[in-house]
Amino acid sequence: MSDATTRRDFLKGGVAVVAGVASVAAALEPLRGLDGPPDVDAWLQSHYHEMTPDEKAAAIARLEAAAKAEFGVDITISDPQPEAKTKFAYALNLGVCVGCRKCAYACEAENNTSRAPGKQYIRVLEMNKGGIDLESANHHYDPEQVPQAGKFYMPVQCHQCDHPPCVKVCPVEATWKEPDGIVVVDYDWCIGCRYCEAACPYWARRFNFEKPVIKPEEINPKTGYLSNRPRPAGVMEKCTFCLHRTREGRYPACLEACPTGARAFGNLHDPKSEIRYILEHKRVFVLKEEVGTLPNFFYYFDV
Amino acid sequence: MSFPSPELRKGALAVGGALLIYVGLAWALSSAAIAPNPVAPRGEIQVDFGPNRLPGTALSLHKAGFEYQCSECHMDQPRHATPRTFVGEHSTLAFDHGANDRCFNCHHPDPDLADQFVTRDGRPLPFTEHVALCASCHGVVHRDWLRGAHGRRQGYWDRRKGEAERTDCVICHDPHHPVFAPIAPLPPPGVVRGPARPGLAPHGAVPHLLNTPVAPVPDTLRGPAIDPDDAPAYAAPHAEDEEPAR
C-alpha cells in the first residue's frame, strides 16, 4: 500500500487541511481591517527623534499624500521646532469663565479630532460655588443658558506637567516632553497601550478606538507633525497647546474662541508676558497639586 | 506511517494555497467588509465664535430711518440728577449698572456736550473713547485688561512675530447693564448622536475623575446580610457610620 491512499489517510489529510485553513483564516482576521496593502515605508519608519531630516521630509510627504488619497484634501504638515528661552504656560480665570464650551469646539475644529463620538481635549466641569470638589463635578450639564446661579465652571485639558506621569509610563517612549514644555505624542510610534491615559490625573488623554471620523470639508488643512495631523486608529492623542500655532507665535485656538477672555497664554521666560503678569499679580493655584505633577496650567479667581 | 506522508504534504500544499487565496480575498474584500463609520453631523452644531455684542458705532439714535445725534434733542432739555423712569424716549433702555445709577455719571451733563462722555473727574471724552470712560472708574480691571489678564485677545502672543488684537469693554459688557450676558452652552461631550438608549449611561460618564452617580448595586448581587450579633468585633466601631462612598 505504498502509494495507494487509504480512506483513513485521505480523511486525516482532509481534516488537517480544513483545520489549517480555519486557523489561518482566524489569524488573518485582523488584516481585514486594513484599508489596503501595508505601506512598507510606514512600517519601517523610525522614532521621531531618530529620523534624519530627509526621512522626516519623506514621512511628511507620505502622510500628506495619504491624507489627499483618503479625504481629497490638500493638507500641509509642518514641523515647527521649539525655540530657545521659551516655555509655555496657560492661565485660566475661573471667575470669568461661563462654561459655554466654545473652547472645546474650537479645539475640535483646530485639531482634527474625531467627531463620532466627539473626542474633545477640553472637559468643562460644572461645580458648586464654594470649593473645588471634583467628586461632585459634572461635565454633562446642559441647561438653557450658562452660567447657572450658584455654579462655576472649570475647563480641564492637558496641563503639560513638568513631571508628566504619562511620559514616565510609556513603554516605548512614544510620548515625551519637548524643551518648550509641551508633551507630545509620535502617532507613528504609539502602540496604543493606553498606560498614559490611566496615568494622567487630569483625564487629558484621548484614545482613538477607531480611525478619527471627520468630514473632509471640516478638516483643518494646516497641521503639525506632532499635533493635529490626521491620526490613525489605535493611537493616543492630547492637547499640545496647539503647538503648530503657538510655536509660530500665535495664540492657541481655545484662547481665541473664548468669548469671556478667561484664558491667557504665554512664555514663562518673558518677564513682560501676559502669563507672567498673572502669576505675579493673581493668586493662582494648580489642580491636584498634591500629586506632584508640577503643571504648567494655572487657575485663578479674581471676580 | 512515517512523517511526512505524501497526504500530509498534499495537505500542507492545500493549506498554503488556501492561505494565498485567503490573503487575496482579504485584500479584495477589505473595503467592502468594513461598515462605513457614521460621520457625526457636526454641521448641525452652529458654533458662533463672534463677539458677545456689537458696540454702538456712534452715540446716536435711529428712529424711523433717521439718525439723530443726542445733541439734536438734548440742546435744551432739563437734566435730572436722580434716575427716573422714562415714559417715551429711551423707555426700552434696560439700565442696571449697580451703584453706578446716574446717566450723567457717564453721559456729559452739559447740553452743549451731549454727544460726549464724561469721566469720573469731569473731563469730557469723545464717544470713541469708551474704554477710557470705563477705566476712569474700573482702574484695576482696566490695568488687567491692558496687561492681558481681562478681556479677549486674538492674534500673536509673540509680539515680535505679529500683532495681538484686544477686545474693547463694550463688546463684552453692555454699558447700561454690564453683567456678561448669559449664553447657551454647546452640547456636552461624547454624546453619541442617535436614538437614546434607555438605561445606558452617556458615553464618557466614567467615574474616574468625576464621580458621576452610578446605579446602586441591586440586592441580588450583594452577599447575604450580616447579622449584627455575628459581625466581627472590628466592624463594631464603624457600625454607626454611613456606608463609605467607594
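In case you missed it, the structure is sitting above this.
This section reports on the structure supplied with the text. (Residues numbered from 1 in each chain as written. Chains lettered and ligands numbered in written order. Predicted model: local features only at pLDDT ≥ 70, side-chain atom pairs only at ≥ 80, totals over all residues. Heavy atoms only, no water.)

### A few points about the packing of aromatic side chains
Residues and elements named next belong to chain A. Enumeration over the complete set of coordinates arrives at 15 aromatic pairs over all chains. Ring plane angle 15° and centroid distance 6.2 Å describe the contact between phenylalanine 285 and phenylalanine 301, whose orientation is recorded as stacked. With phenylalanine 285 in the loop between helix 9 (274-281) and strand 11 (297-300) and phenylalanine 301 in the segment after strand 11, this residue pair connects regions lying 16 residues apart in the sequence. Judged by its relative accessible area of 23%, phenylalanine 285 is partly exposed. (Phe/Tyr/Trp six-rings, centres within 6.5 Å; stacked < 30°, edge-to-face > 60°. Helix = DSSP H or I, 4+ residues; strand = E, 2+ residues; numbered from the N terminus. Buried < 20%, exposed > 50% of the residue type's maximum accessible area, 1.4 Å probe, protein only.)

### Notes on the sheet that holds strand 2 (residues 88-93) of chain A
Within a sheet, each strand pairs with its neighbour through backbone hydrogen bonds, oriented either parallel or antiparallel. Residues and elements named next belong to chain A. Pairing is mixed in the open sheet, where three strands are placed in the order 10-2-11. What marks the edges here is a single partner per strand, and that holds for strand 10 (263-267) and strand 11. Adjacent strand axes in the sheet meet at a mean angle of 20° when their direction is disregarded. Sheet topology note: the strand 2/strand 11 ladder contains four bridges and is parallel. When the bridges of strand 11 are listed, leucine 92 appears paired with tyrosine 299. (Pairing = 2+ DSSP bridges. Axes fitted to C-alpha atoms, helices over the stretch in contact; angles between N-to-C directions.)

### A short note on the pairing of strand 4 (residues 151-156) of chain A
All names here are of chain A. A large share of strand 4 lies buried, amounting to five of its six residues. Looking at chain direction, strand 3 (residues 123-128) and strand 4 are connected through six bridges and run antiparallel. Looking across to strand 4, one finds that valine 124 is bridged to proline 155.

### Some remarks on the nonpolar core
The biggest cluster of nonpolar side chains holds 65 residues, and the ones touching the most others in it are Met154(A), Tyr225(A), Phe241(A), Phe265(A) and Tyr299(A). Those elements that provide at least two residues to this core are helix 3 (53-71), strand 2, helix 4 (102-111), strand 3, strand 4, helix 8 (253-257) and strand 11 of chain A. Looking at this core element by element, the count peaks at five residues for helix 3 of chain A. Discounting residues that sit within four places of it in the chain, Phe265(A) has contacts with Phe88(A), Ala89(A), Tyr90(A), Phe241(A), Thr246(A), Tyr251(A), Pro252(A), Leu255(A), Glu274(A), Ile275(A) and Trp157(B). (Core = buried A, V, L, I, M, F, W, Y, C linked by side-chain atoms within 4.5 Å. Contact = heavy atoms within 4.5 Å.)

### What about the state of the cysteines?
Applying the stated criterion to the full structure yields zero disulfides over all chains. With no disulfide partner, Cys193(A) has as its closest neighbouring cysteine sulfur the one in Cys170(A), 6.1 Å distant. (Disulfide = S-S within 2.5 Å.)

### What to know about helix 3 of chain A
Residue and element names in this part refer to chain A. In this model, helix 3 (19 residues) spans 27 Å end to end at C-alpha, consistent with the 27 Å of a helix rising 1.5 Å per residue. Taken as a whole, helix 3 has its buried residues at Lys56, Ala59, Ile60, Arg62, Leu63, Ala67 and Phe71. Buried residues of helix 3, seen end-on, are gathered within an arc of 165° and therefore sit on one face of the element. Set apart from the buried face of helix 3 by more than 90 degrees, the exposed residues are Asp54 and Ala69. Buried residues belonging to helix 3 abut helix 2 (40-44) and strand 1 (76-78). Looking at the residues trailing helix 3, positive phi occurs at glycine 72, about 70°. (Expected span 1.5 Å × (residues − 1). Arc of directions from axis to C-beta.)

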